[in-house]
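# Close look at the chain arrangement
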Amino acid sequence: MGATHPLALAPVTSPPSTVDGFVKEFLQNLNFERGVTLTSSSPNDRYMALAHTVRDYLQARWLEDQRRQREMQAKGVCYLSAEYLLGRQLDNNLLATRLTDIATEAMAACGIDIDDLRQQEVEPGLGNGGLGRLAACFIDSLATMSVPSIGYGIRYEYGIFRQTFVDGQQVEQPDAWLALGSPWEFPHPEAAQEISFGGHTEKYDDDGVERSRWVPGWNVQAVPYNYMVPGYHNGRVNTLRLWRAVATSAFDLRIFNSGDYEEAVRAQTFAENISKVLYPEDSTPQGKELRLQQQYFFVAASIADFLQHQLAEDYDYEKLPDRVIFQLNDTHPVIAVPEFMRVLVDERGLEWDTAWAITQKCFAYTCHTLLPEALEVWSVDLLGRLLPRHLEIIYRINDDFLEEVRERFGDDEMRIRDMSIISEHPDRSVRMAYLATVAGAKVNGVAELHSQLLRDKVLHDFDEFYPGKFTNVTNGVTPRRFVRLANPRLADLITDALGAGWTVDLERLRGLEAFAEDPEFRARFAEVKAANKRTLSEVLLSRDGFTVSDGHMLDVMVKRLHEYKRQMLKLLHIVTTYESIVSGKVAAADVVPRTFIFGAKAAPGYVMAKRIIHLINAVGSVVNSDPRVEGRLQVLFPPNYNVTLAERVIPAADLSEQISLAGKEASGTGNMKFALNGALTIGTDDGANVEIRELVGDDDFFLFGMSEPEVEALWAQGYKPADFYQKDPQLRAAIDLIASGAFSGGDRSVFEPIVSNLLYDDRFMVLADYASYIAAQARVDAAYADQDAWTRSAILNVARTGFFSSDRSIRDYIDRIWHTPPVL
Ligand code: 26W
């Protein structure tokens, strides 16, 4: 080999950060990337060329960073998540690289309004809701805090479905987000990993030691697509690596040689199905084979990628715990545990006990739910067919674990059955949360209350068995996207008051407490809110044809549709207010004018959730057009709530609805976004609401409803929802109105299932909390009457919720779980 070419050592150079330089790059991209001139270009061409221009700036830094991270060999985080709900990329990347002004001017110089190009971007909706959005916030914080890390996931060809309404009912459309191409990704087919499935295992003798080997039945290729994750103003660019499934050429060739062209194409389709679509189920696992294929596909590829590309050839695997921690984002990636064991034992020849000791230090598990039906289990039958060697490994892990349990607690068969990773009922299956708990160095919940309930209830025996394993990391949200980008007016006001540092040190928002007492600041704050409402009105008008009423309180409930979140409770409040007007109990003129905004997708197979969507739309169309209401109530349900819409709705909100039954919402993260944007919360003592209220204070938070222990007590005592209906005339009137067919053109049957569900099977205790909720809403009305006091409260909410930055969450993960200091 010759000497290194001198140019190979040259630093990678960024394009110049000037308007002229930017214009030049942009036009070059239009001409040579898109093959068009400025005049012949479509808006999509221009968006693509702009995105490529911004990407080039990132790319130079990314190359530097990758080189550095490889050289440093510092301990890093591999974040394993089946979902990343990223939202649009352009604005975030402009912000991170300080290019917003330059790009805006450069586009103007070309006669282009950059806002028009922003609208071109289709957001990558590669997640369902809270869990996926949290992963996106975390990779933003990891980059911003210079933590060596990589996010691994799946490049779904179709993300979360696009929601439309037909006659008020949800209809799902495929989300073809890649139809026009994505400018933000770099495919690397040359770095593909081969991923195997099926087949059987064989025992063989290895120098007197019996070992097992996997003889797979078929395989696919995992092709990595790199996305750059820029840190905010720190020059860092991390990697998000998403895997796409493609057919292996060997597989193709074999069939092709057999002359069966149709079969060859079918095989390709089969392979590519693995990364075809995001499962839209959020909380009720369906146990589908393709879903398990997806899970194994991406974690096997990620582990192989890490071991091959991040470690030196002769790396001593016993030192791995000093090099890497794999963070399991819920149970979806938990099949990584047996896969890691298989690689260490079968492929690298480590002893089982050595490998297990390494594994137990290299994994940590985050649980995101409390609903028992959301805890993933895989049938042994399916696992044995798809991943026979992994099933063997899981059995061995379980045998060893139960042996330890016996040593500690004796032959307490009840306890053994309860703690076994293998459950026998209704069918033999693997409890993935238990596997993760046994394997993980740490297990965390996502808010104080949630972590406590995990320890006290869901995983109680494990907490007893593994003292110190359980911890809490309260969720957070990125202030870059959810304050700076979503709410530039508020961001400017804060910077005026406090200087610029708050974006990366959100606790500085505390400084706003003093400004809450300044009438001039309050007036400016109120003007920000009013301007954000006008912006939202424009968006809803052009997006959905809605005309938002002027001067209304904006009362917002946006989140996945689930019975435990209790959109029905919100609806009963609306129907109650409406009923009190039309029955003459209250004069319309005496009602505080409110616009209610809903945003919610229902899992396509979740029938009750879809009925509730139908009812919200039905109530909206009646209430919005009833002249007796005199325009004082308005119900708007823009379809297809996503990150892009959230960025418009949240900054405009006055009231944030966080009304889940206590003990059901693990954390919530929307609740944090609203408070940080100056909405007041009406909420139960659930999830992170508890911590929000502690920080904000009782005076500036509308608490209602039963506490978790009260919920338990009422269940124990025997909950009869119909009793609440009988005893409360206001509640009865609201339910009767729905039952009467008033919202279904007189047809009583349409919403009858909702009504009888509430009266006889109210699992989430909507009726029990109704009276308390209505009373709290009356307090909201009273508070809203004093606008200046409301604004003061709103400012205090912003000032006191800096704790909920995802930077703080990441710091907690580092201190309590990862021990991966930033590499500056
Ligand atoms: C298909 C099975 C399944 C099961 C659970 C799919 C998805 C889930 C997720 C765990 C549901 C989820 O997104 N949980 C939410 O996670 C957020 C981030 O921690 C929390 O803020 C929410 O409270 C929690 O519901």
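Residues numbered from 1 in each chain as written. Predicted model: local features only at pLDDT ≥ 70, side-chain atom pairs only at ≥ 80, totals over all residues. Heavy atoms only, no water.

## Side note on the overall build of the protein
Stated precisely, the cut-off is as follows: Starting at the N terminus, helices and strands are each numbered in turn, a helix being any DSSP run of H or I of at least four residues and a strand any DSSP run of E of at least two. Atoms considered for the radius of gyration are the C-alpha atoms alone. The globule rule reads 2.2 Å times the number of residues to the power 0.38. Exposed residues in this analysis have more than 50% of their type's maximum accessible area, buried residues have under 20%, and partly exposed residues fall in between, with area computed by a 1.4 Å probe over protein chains only. What makes two residues a contact is simply this: any of their non-hydrogen atoms within 4.5 Å. Every accessible area reported is derived by Shrake-Rupley at a probe size of 1.4 Å, with residue values counting cover from the shown protein chains alone. Only four residue types enter the charge count, namely Lys and Arg as positive and Asp and Glu as negative; His and the chain termini do not. Charged groups are reduced to one reference atom each: NZ for lysine, CZ for arginine, CG for aspartic acid, CD for glutamic acid.
A count of helical and extended segments in the protein gives 33 helices and 25 strands. Taken over the C-alpha trace, the protein has a radius of gyration of 28 Å; the compact-globule value for 824 residues is 28 Å, and the two agree within 12%. Principal-axis analysis of the C-alpha atoms gives the protein an extent of 90 × 75 × 60 Å. Taking all 824 residues of the protein together, 60% fall into the buried category. Relative to all contacts within the protein whose residues are 6 or more apart in sequence, the contacts with residues 24 or more apart total 77%. Total accessible area on the protein stands at roughly 31800 Å², and carbon and sulfur atoms take up 50% of it. In the protein, the 83 positive side-chain charges and the 116 negative ones have mean positions that sit 2 Å from each other.

## Quick word on the site of the ligand
What counts here: Summary of the distance rule: residues count as near a molecule or strand when at least one heavy atom falls within 4 Å of that molecule or strand. Two N or O atoms form a polar contact when they lie within 3.5 Å of each other; inside protein one atom must be a possible hydrogen donor and the other a possible acceptor, and for residues adjacent in sequence the pair counts only when both atoms belong to side chains. Amino acid classes used here: Ala, Val, Leu, Ile, Met, Phe, Trp, Tyr, Cys and Pro are nonpolar; Asp, Glu, Lys and Arg are charged; the rest, including Gly, are polar. A domain assignment, automatic or from a database, supplies the domain bounds used here.
Every one of the 20 residues lining the ligand counts as a neighbour, but His368, Asn475, Glu665, Ser667 and Gly668 are closest to it. Side-chain polar atom of Asn475 to an oxygen atom of the ligand: 2.8 Å apart, as the coordinates give it. Here Ser667 contributes a backbone N or O atom positioned 3.0 Å from an oxygen atom of the ligand. Contact with the protein chains removes 95% of the 570 Å² of surface that the ligand exposes when unbound. Among the elements that make up the shell around the ligand, the one with the highest residue count is helix 6 (residues 130-144) (three residues). Partitioning the shell around the ligand into residue classes produces seven nonpolar, eight polar and five charged. Taken domain by domain, the makeup of the shell around the ligand includes at least three residues from each of domain 2 (311-472) and domain 3 (479-811).

## Considering the domain arrangement of the protein
Under the domain assignment, the protein is made up of domain 1 (10-72 + 88-122), domain 2 (311-472) and domain 3 (479-811). Computed from C-alpha atoms alone, the centre-to-centre distance between domain 1 and domain 2 is 44 Å.

## What about the nonpolar core?
Short version of the rule: To define a nonpolar core, start from buried Ala, Val, Leu, Ile, Met, Phe, Trp, Tyr and Cys residues and group those joined through side-chain atoms within 4.5 Å.
The biggest cluster of nonpolar side chains holds 145 residues, and the ones touching the most others in it are Phe22, Leu50, Phe197, Phe297, Leu320, Phe326 and Trp818. For this core, the element with the highest residue contribution is helix 9 (residues 289-309), accounting for ten residues. If you count residues domain by domain, this core takes at least three from each of domain 1 (10-72 + 88-122) and domain 2 (311-472). Excluding residues that lie within four positions of it along the chain, Leu320 makes contacts with Phe306, Leu307, Leu311, Tyr315, Phe340, Ile358 and Cys362.

## Re the packing of aromatic side chains
Each aromatic ring pair is summarised here by two numbers: the centre-to-centre distance and the angle between the ring planes. Note the following rule: Two rings from Phe, Tyr or Trp (for Trp, the six-membered ring) form a pair when their centres sit within 6.5 Å of each other. Planes less than 30 degrees apart are called stacked, planes more than 60 degrees apart edge-to-face, and all others tilted.
For the structure shown, the criterion picks out 29 aromatic pairs. Geometrically, the ring pair formed by Phe598 and Phe637 is tilted, given 6.1 Å between the ring centres and 45° between the ring planes. With Phe598 in strand 21 (residues 594-599) and Phe637 in the loop between strand 22 (633-636) and helix 24 (643-652), this pair connects stretches of sequence that are 39 residues apart. Note on accessibility: Phe598 and Phe637 belong to one class, buried. On the numbers, 5.6 Å between centres and 90° between planes, the contact of Trp715 with Tyr719 is edge-to-face. The buried category is assigned to Tyr719, whose relative accessible area is 10%.

## Comments concerning the sheet that holds strand 24 (residues 680-683)
Our working definition: For two strands to be treated as a pair, DSSP must find at least two bridges joining them. Axis definition: a line fitted to C-alpha atoms, over the contacting stretch in the case of helices. Angles run 0 to 180 degrees between N-to-C directions.
Here we have six strands laid out as an open sheet, ordered 22-21-20-23-24-25, and parallel in their pairing. Strand pairing shows two members of the sheet lacking a second neighbour, strand 22 and strand 25 (702-703), which therefore form its edges. Pairing of strand 20 (residues 553-558) with strand 21 involves six bridges; the strand directions are parallel. Looking at the pairing, Val556 lines up with Ile597 of strand 21. Docked against the sheet, helix 21 (residues 519-544) engages strand 20, strand 21 and strand 22, running at close to 60° with respect to strand 20.

## Let's talk about the pairing of strand 10 (residues 209-215)
Here strand 9 (residues 200-206) pairs with strand 10 via seven bridges, running antiparallel. Pairing of Tyr204 across the sheet is with Arg211, part of strand 10. In textbook terms, the turn of a hairpin is the stretch between consecutive antiparallel strands, and for strand 9 and strand 10 this stretch comprises two residues, one of which, Asp207, has a positive phi near 50°.

## Section: the pattern of salt bridges
So the rule is basically this: By definition here, a salt bridge exists when the distance from a side-chain nitrogen of Lys or Arg to a carboxyl oxygen of Asp or Glu is within 4 Å.
Going through the model one piece at a time under the given rule, you end up with 57 salt bridges. A salt bridge links Glu376 to Arg291; the nearest nitrogen and oxygen atoms lie 3.3 Å apart. Pair noted here: Glu376 is in the loop between strand 14 (363-366) and strand 15 (377-379) and Arg291 is in helix 9, with a separation of 85 residues, a long-range link. In this structure, Glu376 and Arg291 share a single accessibility class: buried. Notably, a salt bridge pairs Asp812 with Arg816, separated by 3.6 Å at the nearest N-O pair. Highlighted residues: Asp812 and Arg816, both in helix 33 (residues 806-818), separated by four residues, approximately one helical turn. When its relative accessible area of 11% is taken as the criterion, Asp812 is described as buried. A relative accessible area of 34% places Arg816 in the partly exposed class.

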